[in-house]
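Geometric and topological summary
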Amino acid sequence: MSKTSVRKLMERSSFLYVHDDDDFTRKDYYRVCGFHLQIGVRPLSKLGFGTTIWAAALALCQYFETEGIRFSDKKVIELGAGTGILSILVALLGGDVTITDQPALLRQIERNVSFNIPSNFEPYVKVRALSWGRDHMLFPSDYDYILGADIMYFYRCLPLIVETLLHLSNEKTIIYFASSMWYNKKAISENYHILSHYFETEIVCRYEVKDVNIYKMVRKIPTPGDVLNL
Ligand SMILES: C[S@@+](CC[C@H](N)C(=O)[O-])C[C@H]1O[C@@H](n2cnc3c(N)ncnc32)[C@H](O)[C@@H]1O
């Protein structure tokens, strides 16, 4: 572990229950990087974990704010984006963003994009289906950044995520992942350990209150004889 800092995690500034909406039961509001984000959520939806905002997504938003990371002219893809909050912020910070998740989640992401992204930014925001280990070959390998928040908690997903990351990245790609360590800590730690065989991995920030780690990874240069063994 290299330089880390221990911080409190940002919280929503307000929320509003919504009625007569097929996609959302609540809107959560956040102030970050000078933007006022409104994100529709539907806790306990049958669509699964991606219909609420996880602490890891907030941690990455806050990390980009405190570190002053900007994404102007950078090509960015997010895996397992859920509500889309993280990519929406990155688009507002200038990124050319591809927001991905499983097909059932795309409608809520598109709606959250429409709540937050002005029409002149729309050409720089794409919402696409990407199931790890299945659709990744449909995407290019020249991303400047790959993002993932709270997607590392199952052992069974790890080979799919590794395969996807290896396809999407090159040696210049910076990967920022964040994980809520309280949720299946053993699997998460072991998954990052396996990722570290393929990527130089460091914890760059830790949000103690919510037990969230932020990881920065870059691809290791393969040496002759290296074998991908998933
Ligand atoms: C715990 S949620 C995190 C959502 C969001 N990143 C956040 O932090 O708020 C995990 C996300 O991964 C997505 N996911 C799970 N398995 C997936 C797979 N095999 N391929 C693509 N996305 C997947 C889910 O649909 C969900 O949106």
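Please refer to the structure higher up on the page.
The following paragraphs examine the structure supplied in this document.

Rules used in this analysis
- Residues numbered from 1 in each chain as written.
- Predicted model: local features only at pLDDT ≥ 70, side-chain atom pairs only at ≥ 80, totals over all residues.
- Heavy atoms only, no water.
- Disulfide = S-S within 2.5 Å.
- Buried < 20%, exposed > 50% of the residue type's maximum accessible area, 1.4 Å probe, protein only.
- 1 Å grid on protein atoms, 1.4 Å probe; cavity = no way out; pocket = protein on both sides within 12 Å on 5 of 7 lines; lining within 4 Å.
- Points joined across faces, edges and corners; volume = space filled by probe spheres on them.
- Nonpolar A, V, L, I, M, F, W, Y, C, P; charged D, E, K, R; others polar.
- Phe/Tyr/Trp six-rings, centres within 6.5 Å; stacked < 30°, edge-to-face > 60°.
- Helix = DSSP H or I, 4+ residues; strand = E, 2+ residues; numbered from the N terminus.

This brings us to the state of the cysteines. Scanning all chains against the criterion turns up zero disulfides. A disulfide-free cysteine, C61 has its sulfur positioned 7.4 Å from the sulfur of C33, the nearest such atom. What makes C61 buried here is its relative accessible area of 0%.

The next thing to look at is the layout of surface pockets. Of the volumes computed, that of the largest pocket is approximately 570 Å³. Considering the residues around the largest pocket, the lining is formed by 29 residues, among which F49, D101, Q102, W132 and Y153 are closest to the centre. The residue inventory of the lining of the largest pocket, partitioned by class, reads 17 nonpolar, eight polar and four charged.

Another point: the packing of aromatic side chains. Scanning all chains against the criterion turns up 17 aromatic pairs. The interplanar angle of 90° and the centroid separation of 5.7 Å between the aromatic rings of W54 and Y183 together place this pair among those described as edge-to-face. Taken together, the residues span a long stretch of sequence, with W54 in the loop between strand 3 (35-41) and helix 1 (55-67) and Y183 in the loop between strand 8 (174-180) and helix 5 (185-195) at a distance of 129 residues. Exposure remark for W54: the relative accessible area of 18% places this residue in the buried category. Accessibility expressed as a relative area gives 23% for Y183, which makes it partly exposed. Look at F64 and F71: their rings are 5.0 Å apart centre to centre, the planes differ by 70°, and that puts the pair in the edge-to-face class. F71 gets classed as buried once you look at its relative accessible area, which sits at 0%.

Any link to function would need more than the numbers given here.
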